[in-house]
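Report on the structure
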Amino acid sequence: MKKTFPALLLSSATLLVAACNNSAATKNAADGASADSIYPAVEKNKANTEYKPAFEGQTRIAGVKTTTPYESKVVTDKLKSPWGIAVLPDNRLLITEKEGDLRIVSADGTLSEAIGGLPKVDAQGQGGLLGITLDPDFATNRMVYFVFSEPAAGGNHTAVGKGRLADDEKSIEAAKVIYQALPTYDGKLHYGGRIIFDKAGNLLVSTGERSDLETRPQSQDLKSALGKIVRITKDGKPAEGNPFASDANARPEVYSYGHRNVQGLALHPETGDLWETEFGPRGGDELNRVEAGKNYGWPIITYGLEYSGKEIGNPPIQQQEGLEQPVYYWDPVLSPSGLMFYTADAIPEWKNSLFIGGLSSTHIARIVIKDNKVVGEERLLDREGQRFRDVAQGKDGEIFAITDAGRLYSIHKK
Ligand SMILES: [Ca+2]
């Protein structure tokens, strides 16, 4: 079957008509990848620009709809600006709160007291206690790794800490900072903040370029840790095999660069590839498949405009040889935060779908991927009016999602 609508490169009005016509002849999407049927693109609002995508299907892909009955429930609404979820072996959740607290949430919605022992965070603006992940050997070593904005002389920076969850769960023992994404900057925006383990047992951590015009060019500067994905050991050292390890003009922890503000990281369950979502400018949020050493373009190429409405670049460029194109982009944006691939059996048609917490869009996006291309998009929980900050798969095949308003949802088969 064809992967996308031929009308994708036409105006959005034309696209909608074409898509509606197509939906009349419902087809199976993604041969075997799911039982989805094809619907009109979920995005119906006007784009911010008339920039042309680099290839068919790079934006406004066909809609898909889950046919397996599922439901969601609010487990608790008592969290305070939760930011990151780690699922414990017993299916309780370790959840960070932006102001600097870490709590355990039980299945009945009970919140623990704040867990002590964490370093002080700078919680101004977008800073605070951010992403969290468990050691692959957590069941035996109880180690947790977390990202936060660390206050420092001259401002703050994204930092990575680690420590042991005490047996009584009341503190993180021997917490210490293992990595700092320097330089320090006096700002309160764009910290990145996600952290996951790769297959080799190293940490992949996203940073941001701190937003300001002054720091933005550092996304392209390999001597700066801003606007990067870095790959480090559990002790915060550059991981073995990093792409710029022998480059005297680069920081050895850099894994990929040219990023703006990456707040979603996940490994594809079948290919093992690293996928990320990043906040772009107005009309330029991106989904990328990340390869070591590659340049993802910011701020040289980008879709979208400055939030002021100004063009980015003179002239603005969206595509350039040697700079990676996003697999997919959103215009208007969804403000993509936490990311996960679904791997459970509970809802078979979700297998290998990518789930993205959308903030400004107030929904969870389900993205169907085939051969490294996006072939379908669906919006979940879009009537809840919530800014979804992170998503994680539970042990029973449910999806947990947290929102800025303090809710924890469980989404599961009916
Ligand atoms: Ca890019």
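Rules used throughout
Residues numbered from 1 in each chain as written. Predicted model: local features only at pLDDT ≥ 70, side-chain atom pairs only at ≥ 80, totals over all residues. Helix = DSSP H or I, 4+ residues; strand = E, 2+ residues; numbered from the N terminus. Rg over C-alpha atoms; globule rule 2.2 N^0.38 Å. Buried ≥ 20, exposed ≤ 12 C-beta atoms within 10 Å, placed from the backbone. Contact = placed C-beta atoms within 7 Å. UniProt positions renumbered as here; feature names shortened; annotations may be inferred. Pairing = 2+ DSSP bridges. Core = buried A, V, L, I, M, F, W, Y, C linked by C-beta atoms within 7 Å. pLDDT = per-residue confidence, 0-100. Axes fitted to C-alpha atoms, helices over the stretch in contact; angles between N-to-C directions.

For the protein, the name recorded in an unreviewed UniProt entry is PQQ-dependent sugar dehydrogenase, with Sphingobacterium bambusae as its organism.

**Remarks on the overall build of the protein**
For the protein, the helix and strand inventory stands at 2 helices and 25 strands. Taken against the 2.2 N^0.38 rule, which gives 22 Å for 414 residues, the C-alpha radius of gyration of the protein at 20 Å falls within 12% of a compact globule. Based on the C-alpha atoms only, the size of the protein along its principal axes is roughly 60 × 50 × 35 Å. Residue burial in the protein is summarised as follows: out of 414 residues, 47% are buried. Once local pairs closer than 6 in sequence are excluded, the contacts in the protein between residues at least 24 apart make up 59%.

**Observations regarding the UniProt feature "domain: Glucose/Sorbosone dehydrogenase" (unreviewed entry) in the protein**
Following the UniProt record, one finds the feature "domain: Glucose/Sorbosone dehydrogenase" (unreviewed entry) at residues 79–408. Overall, residues 79–408 shows 1% helix and 39% strand. The separation of its end C-alpha atoms is 8 Å.

**Brief notes about the pairing of strand S5 (residues 93–97)**
When a strand is regular, its side chains alternate between the sheet's two faces. For S5, a buried count of 5 out of 5 residues is recorded, marking the element as mostly surrounded by other parts of the structure. Linking strand S4 (residues 82–87) to S5, which pair antiparallel, is a turn of 5 residues; within it Asn91 sits at a positive phi near 75°. The turn joining S5 and strand S6 (residues 102–105), which pair antiparallel and follow one another in sequence, is formed by 4 residues; a positive phi near 125° is taken by Gly100.

**Notes on the nonpolar core**
Membership of the largest hydrophobic core comes to 92 residues, with the highest contact counts inside it found for Val205, Val391, Phe400 and Ala401. Apart from residues no more than four positions distant in its own chain, Phe400 is found in contact with Ile85, Leu93, Val391, Ala392, Gly394, Leu408, Tyr409 and Ser410.

**Focus on the environment of Tyr303**
With respect to the helices and strands, Tyr303 occurs in the loop between strand S17 (285–290) and strand S18 (328–330). Judged by C-beta crowding, with 31 C-beta atoms within 10 Å, Tyr303 ranks as buried. Measuring from C-alpha to C-alpha, the distance between Tyr303 and Gln263 comes to 18 Å, with 40 residues separating the pair along the chain. Excluding its chain neighbours within four sequence positions, the residues that come into contact with Tyr303 are Tyr51, Gly280, Gly283, Gly284, Gln318, Tyr329 and Asp331.

**Description of the confidence of the model for the protein**
In the predicted model, the protein carries a mean pLDDT of 92, and the fraction of residues at 70 or more is 91%. Taken together, the stretch residues 1–34 has pLDDT below 50 and engages in 62 contacts with residues farther than four places along the chain or on a different chain.

**Overview of unusual backbone geometry**
Here Leu182 and Pro183 are connected by a cis peptide whose omega angle stands at 10°. Relative to the assigned elements, Pro183 resides in strand S10 (residues 172–185). Although it is not a glycine, His190 sits at a positive phi angle of roughly 55°. For His190, a count of 29 C-beta atoms within 10 Å translates into the label buried.

**What to know about the sheet that holds S17**
Pairing is antiparallel in the open sheet, where 4 strands are placed in the order S15-S16-S17-S18. The outermost strands of the open sheet, each flanked by one partner alone, are strand S15 (262–267) and S18. Averaged over all pairs of adjacent strands, the angle between their axes in this sheet comes to 15°, without regard to strand direction. Of the pairings in the sheet, the one linking S15 to strand S16 (residues 274–278) comprises 5 bridges and is antiparallel in character. Paired with Leu265 across the two strands is Glu276, which belongs to S16.

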